[in-house]
Amino acid sequence: MTNVQTEMLIIGGSDAGISAALRARELTATIKITMILADEFPNLSICGIPYAVSKEVTQWQNLAHRTVDDLKAYDIDFYMNTWATAIDAANHTVSAMRGDDQLTFTYDKLMVGTGAVPKELPIAGEGAGIHVLHTMGDFFDIEAQLVQHQPKRAAIVGAGYVGIEMAEALTRRDVSVTLVQRGSEVLSTVEPDLAASVHDALTNNGVTVLTDVTVTEIQATAAGNQLIGSKTDDAFDFVLVVVGVRPNSELLVNAGATVTDQNAVVVDDRMRTNLPDVYAAGDLVQTKHRLLGETYLPLGTTAHKQGRVAGANIVGRESHFAGIIG
């Protein structure tokens, strides 16, 4: 068993976690900062992954905002490929596993930035070639299938930003794409006339767009994967499910944090949870919206801002999150 003592412990190495660490380091050169990552890819532009699939980003390493060496220059201790398993807020400890090694981190202040996880669909049978897209591991799985199996027919369930970006990316990789959307038009976050223009652009570039379709299940057959509930009987050798995300808040829920009915962590405008010396920011928290009130709206730009607020408060510089407007 390994025991680690630190002043500022961060779980998660994406937007919120990195922003908190860098802001804390900007404000004080002496605080000991330790970061736990489930993988080995801190500070990557996850939103840029579709452009790595399309090869417009020619090397996936170019998705990095900063390299690991860049980040270590800020005097941050990284524990990569390390999975946090429990938070004991009363005793200020976090339990984690790295391979077969059990680790215990003792902290003064804790910032949780574990983000969100993709929603998935039920799969009937031994489906192959069914993907989500949220991590670098997902990217590597998709890239391996495109290179090794060269799929010809792809279905994308969900026509939000990522679904549309991936429709373009797969088309560039010479894959025939069918894009399936639950609502009456693609890109439901914009006005219908603009969404219709996006729809036309997709169609003009060879993408089959099916709207008003609710896929309830993916059925694996000998001919490929079928979408149960869709308007097509086609079978696909590649399926991407991008139907939204949910807060990755299980660690804090189990530790006793207050959450909403969506399991988004409730924080104040200094990014403090109800647990002593525990902060949270990014896609796992409820967000203050200046027009709508409290809501759940995961966005990378929001995570950056919230992380900076958390980092400042952790080192004793009072800072407040003013909210977003979407």
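If you're wondering where the values come from, they're calculated on a predicted model, not measured in any experiment.

**Considerations on the packing of helix H1 (residues 15-27) against helix H8 (residues 300-314)**
Their axes nearest at 7 Å, the elements H1 and H8 cross at an angle of 35 degrees. Once H1 is placed against H8, the crossing between them reads as right-handed. In this structure, H1 contributes Asp15, Ala16, Ser19, Ala20, Arg23, Ala24, Glu26 and Leu27 to the contact, and H8 contributes Gly300, Ala303, His304, Gly307, Arg308, Gly311 and Ala312.

**Considering helix H6 (residues 192-204)**
Helix length check: H6 (13 residues) gives 18 Å between terminal C-alpha atoms against 18 Å at 1.5 Å per residue, within 8%. Within H6, the full set of buried residues consists of Ala195, His199 and Leu202. Projected down its long axis, H6 shows its buried positions confined to an angular sector of 60 degrees, all on one face. In H6, those exposed residues whose orientation departs by more than 90 degrees from the buried face are Asp193 and Asn204.

**A word on the sheet that holds strand S14 (residues 224-228)**
Taken in spatial order, the 3 strands of this open sheet run S8-S13-S14, and their pairing is mixed. Edge positions in the sheet fall to strand S8 (123-124) and S14, since each of these pairs with one other strand and no more. As judged from the 5 bridges shared by strand S13 (residues 217-221) and S14, these two strands associate in the antiparallel manner. Counted as the bridge partner of glutamate 217 is isoleucine 228 from S14.

**Digging into the packing of aromatic side chains**
Evaluation of the coordinates by the stated rule reveals 5 aromatic pairs. Relative to tryptophan 60, the ring of phenylalanine 41 has its centre 5.4 Å away and its plane inclined at 85 degrees; by these criteria the two rings are edge-to-face. Taken together, the residues phenylalanine 41 in the loop between strand S2 (33-36) and helix H2 (49-53) and tryptophan 60 in the loop between H2 and helix H3 (68-72) connect sequence positions 19 residues apart. What links up through ring pairs into an aromatic cluster is the set Phe41, Trp60, Phe139 and Phe140.

**With respect to the environment of valine 309**
Within the secondary structure layout, valine 309 lies in helix H8. For valine 309, a relative accessible area of 7% gives the class buried. As a C-alpha pair, valine 309 and alanine 281 span 28 residues in sequence and 8.8 Å in three-dimensional space. Those residues in contact with valine 309 that lie beyond four places of it in its chain are Asp269, Arg270, Met271, Ser319, His320 and Phe321.

**Digging into the pairing of S2**
Judged by which residues are buried, S2 turns out to be covered on both faces: Ile33 and Met35 on one side and Thr34 and Ile36 on the other are all buried. Direction of pairing for strand S1 (residues 2-11) relative to S2: parallel, over a ladder of 4 bridges. Bridge pairing in S2 places isoleucine 10 opposite methionine 35. In this region the chain leaves S1, passes through H1 and returns to the parallel neighbour S2; the handedness of that crossover is right-handed. The pairing of S2 with strand S3 (residues 76-79) spans 4 bridges and is classified as parallel. The partner of methionine 35 across the bridge, within S3, is phenylalanine 78.

**Things to note about the nonpolar core**
Counting 52 residues, the largest nonpolar core has Ile87, Val94 and Leu252 as its most contacted members. Discounting chain neighbours no more than four positions away, the residues touching leucine 252 are Ile87, Val112, Ala257, Val265, Leu275, Val278, Ala280 and Leu284. Met136, Leu187, Leu202 and Leu240 belong to the second largest nonpolar core, which has 31 residues in total.

**Overview of the sheet that holds strand S10 (residues 153-157)**
Pairing is parallel across the open sheet formed by 5 strands, whose spatial order is S9-S15-S10-S11-S12. Taken across any chain shown, the strands that pair with only one partner, and hence form the sheet edges, are strand S9 (130-131) and strand S12 (208-210). When S10 meets strand S11 (residues 176-180), the two strands line up parallel, connected through 5 bridges. The residue of S11 that forms the bridge with arginine 153 is serine 176. Sitting on the sheet, helix H4 (residues 136-148) is in contact with S9 and strand S15 (238-241), with an inclination near 160 degrees to S15.

**Section: the pairing of strand S6 (residues 101-112)**
Along any regular strand, the residues point their side chains to alternate faces of the sheet. Two strands pair when backbone bridges link them, and S1 and S6 are joined in this way by 9 bridges, in the parallel orientation. Paired with leucine 9 across the bridge in S6 is leucine 110. By the bridge criterion, 6 bridges tie strand S5 (residues 93-98) to S6 in an arrangement that is antiparallel. Along S6, the bridge assignment pairs arginine 98 with aspartate 101. Connecting the antiparallel pair S5 and S6 is a turn made up of 2 residues, with glycine 99 showing a positive phi of about 65 degrees. Note that S6 and strand S17 (residues 278-280) share 3 bridges and pair parallel.

**Some words on a nonpolar patch on the surface**
Together, Leu291, Leu292 and Ile325 give the surface a local cluster of nonpolar side chains, amounting to about 390 Å² of exposed area. Take leucine 291: it is sitting in the loop between strand S18 (287-289) and strand S19 (293-295). In this structure leucine 291 comes out as exposed when scored by relative accessible area, which is 69%.

Cut-offs and rules
- Residues numbered from 1 in each chain as written.
- Predicted model: local features only at pLDDT ≥ 70, side-chain atom pairs only at ≥ 80, totals over all residues.
- Heavy atoms only, no water.
- Axes fitted to C-alpha atoms, helices over the stretch in contact; angles between N-to-C directions.
- Helix = DSSP H or I, 4+ residues; strand = E, 2+ residues; numbered from the N terminus.
- Left-handed = near helix turned anticlockwise from the far one by under 90°.
- Contact = heavy atoms within 4.5 Å.
- Expected span 1.5 Å × (residues − 1).
- Buried < 20%, exposed > 50% of the residue type's maximum accessible area, 1.4 Å probe, protein only.
- Arc of directions from axis to C-beta.
- Pairing = 2+ DSSP bridges.
- Phe/Tyr/Trp six-rings, centres within 6.5 Å; stacked < 30°, edge-to-face > 60°.
- Right-handed = clockwise from strand over helix to strand, strands pointing away.
- Core = buried A, V, L, I, M, F, W, Y, C linked by side-chain atoms within 4.5 Å.
- Patch = residues over 30% accessible without salt bridge, like charges linked within 9 Å, V, L, I, M, F, W, Y side chains within 5 Å.
- Areas by Shrake-Rupley, 256 points an atom, 1.4 Å probe, with all protein chains shown as cover.
- Salt bridge = Lys/Arg side-chain N within 4 Å of Asp/Glu carboxyl O.

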